[in-house]
Amino acid sequence: MSAESSSAEYGLFIGGASLPSSRGDRRPVMDPATNRAIATTAVGGVDDARHAMEVADGAFRNSGWADDDGSRRARALGRLARLLEERAEAFAQLETTNMGKTLREAKGDIGYVVRTLDYVAGLADKIEGETIPVPGARLDYTLREPLGVTVHIAPWNYPLLLAIRSVAPALAAGNSVVLKPASLTPLTALKFAALTQEAGVPDGIFNVVVGPGGEVGETLVTDPRCRSVSFTGSGEVGQRIAELAARRIIPMTLELGGKSPVVVLPDADLDRAAKGIAFGIFGNAGQMCWAGSRLIVPDPIHEELVAKVAKIADGMKVGPGVESTSEMGPVVSKEQLERVVGFVEEARSAGATVVAGGQKIADPPLAEGNFLRPTVVTDVAPDHRVVREEVFGPVLSVLRYTSLDEAIRLANDTRYGLFAALWTRDLAQAHIVARQLEAGMVSINEPPTTFPQSPFGGYKESGIGFEQGRRVVEAYTRRKNVIVNLGSAKPKK
Ligand code: NAD
């Protein structure tokens, strides 16, 4: 069933070579469908992180990657996209066995990485400065320069996709990068590293250090050679990164958690909405930063819509991601499973009704893995923990409203602001409501949907800065203004 054999061994990837960690530490990497080891990786520490920064800095200064016109980088990124496309199946298998998501989802992720690489390749030779009219005989212009070594810290829910989402534009802009993947899911990033070499990315421009966040992550961010940090992960760690970045006055992009509302207006197409709502909370077993986890429904259609969503939840085939019939895989780890079930149990004891799912699947053959049923919880108060905190699992909480003002108030009643969805047939109304929702992204009659060309980022505690979109490459550059005094020469008439 597994794409990897448990003897597969991965090293750190530094300076174009696969290396053991300086302490010689290794750890097993698990398959969440079986809780068995599928491979081992080297586990880096402070010395390995410093070594990677030194190598990346050397490559930035000496490899020519930063100095060339962007078309060389564009070609390398394009080759990388083609190589990944050719091996998409193997990458998807590996993502599924390491993270748990279904093979269909993993193929979608890898396709997304290919499109991201193609998109930023198209931007690499279009990084332009400006000429600025100023008084007198002067020429004023700006240059866009790469930053140097950029650090990228990724979570486990979309392991390769979220790593490359920020790495690709940093490379396009001419930086060298050090990536720290999540310890639970480092395999596709390490496999991808080998492709960068094949694609002609100079050694030392792309480096991967696996290791504990508090040790490796913090060493990378505090290293004097680190010129920016792109972090995707929890709010708690995001705050720590922000403190560290502030001490060094370096730019940062933080893509953090969410508790996204899904507002259904009374005139919505309920069958379409129910499918979209289920996709938006049960996709990736609910382990999505922008999962639509708070359904906000008007009283008159509450019963009908909840019944439709619960029916979809009950009908979903839960199973190992590698099996083609599985519609939802396991959650990533035993700890995550316990955490998710804990939220549901707490809501139940506080008076909530669990209308679908709610427990771990304890029957063979799924008992060994981290499987639970898609879950729908009603009769929850807006101050329940299941409504306020990011569960990061397939758990939908349903809230009721009686007026549109109340719906918008409930939608915005959260410290997060990543995403919001709206279901209605009245598009004029939809545009007006979209402006009132405090979220970086709003989908109208769509589950959470994005493209490499669409800006992705959150309001409030969901983050700072953005990923994706045309301007993303500029975020990995700094602007220099050059002013030239042209002297007293007068233009000839
Ligand atoms: P996490 O914050 O625990 O870990 C993220 C990464 O940070 C990991 O690589 C981890 O090793 C590293 N890390 C941990 N402590 C660190 C420290 N002190 N210094 C530096 N690095 C450190 O998050 P997670 O559990 O891997 O991922 C789930 C979270 O990610 C959820 O909150 C989810 O909403 C969020 N997320 C956000 C987005 C987005 O685009 N907004 C996308 C996906 C996931």
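Note that the structure is a prediction, hence the values are computed from the model and not measured.

**Focus on the overall build of the chain**
A count of helices and strands for the chain gives 14 helices and 23 strands. In terms of overall dimensions, the chain has C-alpha extents of about 80 × 65 × 40 Å along its principal axes. The buried share of the chain, taken over its 493 residues, is 57%. In the chain, once contacts between residues fewer than 6 apart in sequence are set aside, the share between residues at least 24 apart is 73%. In the structure as shown, the chain presents an accessible area of about 20,300 Å², 52% of it carried by carbon and sulfur atoms. Distance between charge centroids for the chain: 6 Å, based on 55 positive and 59 negative side chains.

**A word on the sheet that holds strand 1 (residues 8-10)**
Strands sit in the order 1-5-4 across an open sheet of three strands; the sheet is mixed. In this open sheet, the two edge strands, each paired with only one partner strand, are strand 1 and strand 4 (26-31). Shown here is a sheet whose adjacent strand axes are inclined to one another by a mean of 35°, direction ignored. Sheet strands touched by helix 6 (residues 187-198): strand 1, strand 4 and strand 5 (36-42). Its angle to strand 5, the strand with the most contacts, is close to 50°.

**Looking at the pairing of strand 14 (residues 292-298)**
With seven of seven residues buried, strand 14 lies mostly within the body of the structure. Two strands pair when backbone bridges link them, and strand 13 (residues 260-264) and strand 14 are joined in this way by four bridges, in the parallel orientation. Paired with Ser260 across the bridge in strand 14 is Gly292. Where strand 14 and strand 17 (residues 395-401) come together, five bridges link them in parallel fashion. Counted as the bridge partner of Ile296 is Leu399 from strand 17.

**Describing the pattern of salt bridges**
Under the defined criterion, the tally for this structure stands at 24 salt bridges. Residues Glu474 and Arg144 are paired through a salt bridge, measuring 3.6 Å at the closest nitrogen-oxygen approach. A residue pair is termed long-range when its members are at least 10 positions apart, and Glu474 in the loop between strand 22 (463-464) and strand 23 (477-485) and Arg144 in strand 7 (residues 138-146) qualify at 330 residues. The exposure class assigned to Glu474 is partly exposed, which follows from its relative accessible area of 35%. Salt-bridge contacts for Lys460 lead to Glu438; the nearest nitrogen and oxygen are separated by 2.7 Å. On the criterion of sequence distance, the pair formed by Lys460 in strand 21 (residues 459-460) and Glu438 in the loop between helix 14 (427-436) and strand 20 (441-444) is long-range, its members being 22 residues apart. Sharing partners across several salt bridges, the network here consists of Arg23, Asp25 and Glu215.

**Considerations on the site of the ligand**
Around the ligand, 29 residues are found, and the nearest of them are Ala154, Glu218, Ser234, Leu256 and Glu390. In this structure, Leu256 approaches the ligand through a main-chain N or O atom, which is 2.8 Å from a nitrogen atom. Relative to its unbound accessible area of 850 Å², the ligand is 88% covered by the protein chains. Of the residues in the shell around the ligand, the class split is 15 nonpolar, eight polar and six charged.

**With respect to helix 7 (residues 213-222)**
Within helix 7, the full set of buried residues consists of Val216, Gly217, Thr219, Leu220 and Val221. Elements in contact with the buried residues of helix 7: helix 1 (46-62), strand 8 (149-153), strand 9 (176-180), strand 11 (226-232) and helix 8 (235-248).

**Quick word on helix 5 (residues 159-172)**
The end-to-end C-alpha distance of helix 5, which contains 14 residues, comes to 20 Å, matching closely the 20 Å that a straight helix rising 1.5 Å per residue would cover. Taken from the residues just after helix 5, Gly174 is the one with a positive phi, measuring 100°.

**Side note on the nonpolar core**
Ranked by internal contacts, the top residues of the largest apolar core, which has 155 residues, are Leu84, Leu117 and Ile277. A total of 11 residues in this core trace back to one element, the largest contributor, which is helix 4 (residues 103-124). Composition of this core by domain shows at least three residues from each of domain 1 (9-256 + 462-480) and domain 2 (261-444). Sequence-distant contacts of Leu84, defined by excluding residues within four places in its chain, comprise Phe91, Ile110, Val113, Val114, Leu117, Leu160, Phe192 and Leu195. One finds Met99, Trp156, Ala182 and Val332 within the second-largest nonpolar core, a separate group that totals five residues.

**As for the domain arrangement of the chain**
You can read the domains of the chain as domain 1 (9-256 + 462-480) and domain 2 (261-444). For domain 1 versus domain 2, the distance between C-alpha centres works out to 31 Å. Of the residues lining the interface, 21 residues belong to domain 1; the matching set on domain 2 comes to 26 residues. Carbon and sulfur atoms make up 57% of the surface buried where domain 1 meets domain 2, a total of about 1,800 Å² over both sides.

**Examining the packing of aromatic side chains**
All told, the structure shown has four aromatic pairs when counted by the stated rule. With a centroid separation of 5.3 Å and 75° between ring planes, the pair formed by Trp156 and Phe392 is classed as edge-to-face. Highlighted residues: Trp156 in the loop between strand 8 and helix 5 and Phe392 in the loop between helix 12 (385-388) and strand 17, separated in sequence by 236 residues. Owing to a relative accessible area of 16%, Phe392 belongs among the buried residues under this scheme.

What counts and how
Residues numbered from 1 in each chain as written. Predicted model: local features only at pLDDT ≥ 70, side-chain atom pairs only at ≥ 80, totals over all residues. Heavy atoms only, no water. Helix = DSSP H or I, 4+ residues; strand = E, 2+ residues; numbered from the N terminus. Buried < 20%, exposed > 50% of the residue type's maximum accessible area, 1.4 Å probe, protein only. Contact = heavy atoms within 4.5 Å. Areas by Shrake-Rupley, 256 points an atom, 1.4 Å probe, with all protein chains shown as cover. Lys, Arg positive; Asp, Glu negative; His and termini not counted. Charge placed at Lys NZ, Arg CZ, Asp CG, Glu CD. Pairing = 2+ DSSP bridges. Axes fitted to C-alpha atoms, helices over the stretch in contact; angles between N-to-C directions. Salt bridge = Lys/Arg side-chain N within 4 Å of Asp/Glu carboxyl O. Near = heavy atom within 4 Å. Polar contact = N/O pair within 3.5 Å; in protein donor to acceptor, adjacent residues only side chain to side chain. Nonpolar A, V, L, I, M, F, W, Y, C, P; charged D, E, K, R; others polar. Expected span 1.5 Å × (residues − 1). Core = buried A, V, L, I, M, F, W, Y, C linked by side-chain atoms within 4.5 Å. Domains from an automatic or database assignment. Buried area = accessible area lost by both parts, 1.4 Å probe. Phe/Tyr/Trp six-rings, centres within 6.5 Å; stacked < 30°, edge-to-face > 60°.

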